[in-house]
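Chain by chain, the residues:
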Amino acid sequence: MVVTLIIVCEVGFWVLLAAGLSLRYLARRPRLGAAVLLCEPLLELVLLAVTAIDLRGGAEGDWKHGLAAVYIGFTVAYGHYVIKWADGHFAHRFAGGPPPVRPPKYGTARAVHEWRMCARSMLAAVIAMALLQAAVWYVDDAGRSRSLVEWQGRMLLVAGVSVLIALGYTIWPKKPGRGPGDPAAPGSAVRETAGR
């Protein structure tokens, strides 16, 4: 039941997002669109309540409950970012808005972007670990909550990998002119044409 609800929440997230943005831009009802978008957090609250009820009912804390905590953590940390991204694309496509700003590709700006993404991943991991710990205390049985503790370790790994990625972009910043599609790349058709 928990896995089905996670899938329902994910589908519901995108349905509410599409409905909210359609109301905002296609139907020209920005307040109603905003109200629909504000319903997004209700999905996570329902998932949290159902997971807690399932655990209180005697279910063993297994991978499904761990996945629910991780889903909630990542939705909280990345939800606003995804909504803002989709809003920018929707406004550009259907309301004559400016082209959405793309993440920087090179140098310090890219490193800063990666650290921001790292901060989101860290927030997601912390939220998930806190929910998992609350579930461990809620179950109050080490035998029934072993899997939840293992999920906490996985979240530490996610946080560590996020830091390594951001650190990599900081120590070895990506430079323009390295890819085949780059005008500045050696042997690029654009560069050769410009030189004629």
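Small disclaimer: the values here were computed from a predicted structure and weren't measured.

S.K.: Quick rundown of the overall build of the chain? Include the residues and the values.
M.R.: Helix and strand counts for the chain stand at seven helices and zero strands. Going residue by residue from the N terminus, the α and β elements of the chain occur as α-α-α-α-α-α-α. The C-alpha radius of gyration computed for the chain amounts to 22 Å, which surpasses the reference 16 Å derived for 196 residues by more than 25%, pointing to a less compact arrangement than a globule. For the chain, the C-alpha atoms occupy an extent of roughly 75 × 45 × 20 Å along the three principal directions. Here the chain holds 196 residues, and 37% of them are scored as buried. Contacts spanning at least 24 positions in sequence make up 70% of the contacts within the chain whose residues lie at least 6 apart. In the form shown here, the chain has an accessible surface area of approximately 12000 Å², with 68% of it arising from carbon and sulfur atoms.

S.K.: So what's going on with the nonpolar core? Which residues, and what values?
M.R.: By size, the foremost hydrophobic cluster in this structure holds 20 residues, and its most contacted members are Ile 6, Cys 9, Phe 13, Leu 17, Leu 21, Leu 47 and Tyr 71. For this core, the secondary-structure elements that each account for two or more residues are α1 (2–26), α3 (40–56) and α4 (63–95). Once you skip the residues sitting within four places of it in the chain, Leu 47 turns out to touch Val 2, Leu 5, Ile 6, Cys 9, Ala 68, Tyr 71 and Ile 72. Residues Leu 132, Val 139, Trp 151 and Met 155 belong to the second largest nonpolar core, which totals 14 residues.

S.K.: Could you give an account of the side chain of Glu 40, naming the residues involved and the relevant values?
M.R.: With respect to the secondary-structure elements, Glu 40 resides in helix α3. The buried charged residue Glu 40 lacks any salt bridge, with Arg 24 as its nearest oppositely charged partner at 11 Å. With near-sequence residues (within four places) excluded, Glu 40 lies in contact with Phe 13, Leu 16, Leu 17 and Ile 83.

S.K.: Please provide a residue-by-residue account of the layout of surface pockets, values included.
M.R.: Size it by volume and the largest pocket reaches roughly 510 Å³. Along its surface, the largest pocket is lined by 17 residues, and Tyr 81, Lys 84, Val 101, Arg 102 and Pro 103 are the ones closest to its centre. Mapped onto the lining of the largest pocket, the elements with two or more residues apiece are α4 and α5 (107–139). A per-class count over the lining of the largest pocket returns nine nonpolar, four polar and four charged. Roughly 250 Å³ of internal volume is contained in the second largest pocket.

S.K.: Help me get a handle on the packing of aromatic side chains, residues and values and all.
M.R.: Counted by the stated rule, this structure contains four aromatic pairs. Feature note: the residues Tyr 25, Phe 90 and Phe 94 constitute an aromatic cluster, connected by ring pairs. Just above the ring of Phe 94 sits the side chain of Arg 93; from NZ or CZ to the centre is 5.7 Å. Seen from the ring of Trp 151, Arg 154 lies directly overhead, with NZ or CZ sitting 4.8 Å from the centre.

S.K.: Can you lay out the pattern of salt bridges for me, pointing to particular residues and giving the numbers?
M.R.: Enumeration according to the criterion identifies three salt bridges in this entry. Put simply, Lys 64 and Asp 62 hold a salt bridge, and the shortest N to O gap is 2.9 Å. A residue is classified by how much of its surface remains accessible, and Lys 64, at 25% relative accessible area, is partly exposed. Salt-bridge contacts for Glu 114 lead to Arg 110; the nearest nitrogen and oxygen are separated by 2.8 Å. Here Glu 114 and its partner Arg 110 are both found in helix α5, four residues apart, which amounts to about one turn of the helix. The exposure class assigned to Glu 114 is buried, which follows from its relative accessible area of 12%. Residue classification places Arg 110 among the buried positions, given a relative accessible area of 17%.

S.K.: Outline α4, listing residues and values.
M.R.: The largest bend along α4 reaches roughly 50° and is located at Tyr 78. With its phi angle positive at about 70°, Gly 96 sits one or two positions after the end of α4.

Reading the values: rules and limits
Residues numbered from 1 in each chain as written. Predicted model: local features only at pLDDT ≥ 70, side-chain atom pairs only at ≥ 80, totals over all residues. Heavy atoms only, no water. Helix = DSSP H or I, 4+ residues; strand = E, 2+ residues; numbered from the N terminus. Rg over C-alpha atoms; globule rule 2.2 N^0.38 Å. Buried < 20%, exposed > 50% of the residue type's maximum accessible area, 1.4 Å probe, protein only. Contact = heavy atoms within 4.5 Å. Areas by Shrake-Rupley, 256 points an atom, 1.4 Å probe, with all protein chains shown as cover. Core = buried A, V, L, I, M, F, W, Y, C linked by side-chain atoms within 4.5 Å. Lys, Arg positive; Asp, Glu negative; His and termini not counted. Salt bridge = Lys/Arg side-chain N within 4 Å of Asp/Glu carboxyl O. 1 Å grid on protein atoms, 1.4 Å probe; cavity = no way out; pocket = protein on both sides within 12 Å on 5 of 7 lines; lining within 4 Å. Points joined across faces, edges and corners; volume = space filled by probe spheres on them. Nonpolar A, V, L, I, M, F, W, Y, C, P; charged D, E, K, R; others polar. Phe/Tyr/Trp six-rings, centres within 6.5 Å; stacked < 30°, edge-to-face > 60°. Lys NZ or Arg CZ within 6 Å of the ring centre and 35° of its normal. Bend = angle between axes of the 7 residues up to and from the residue.

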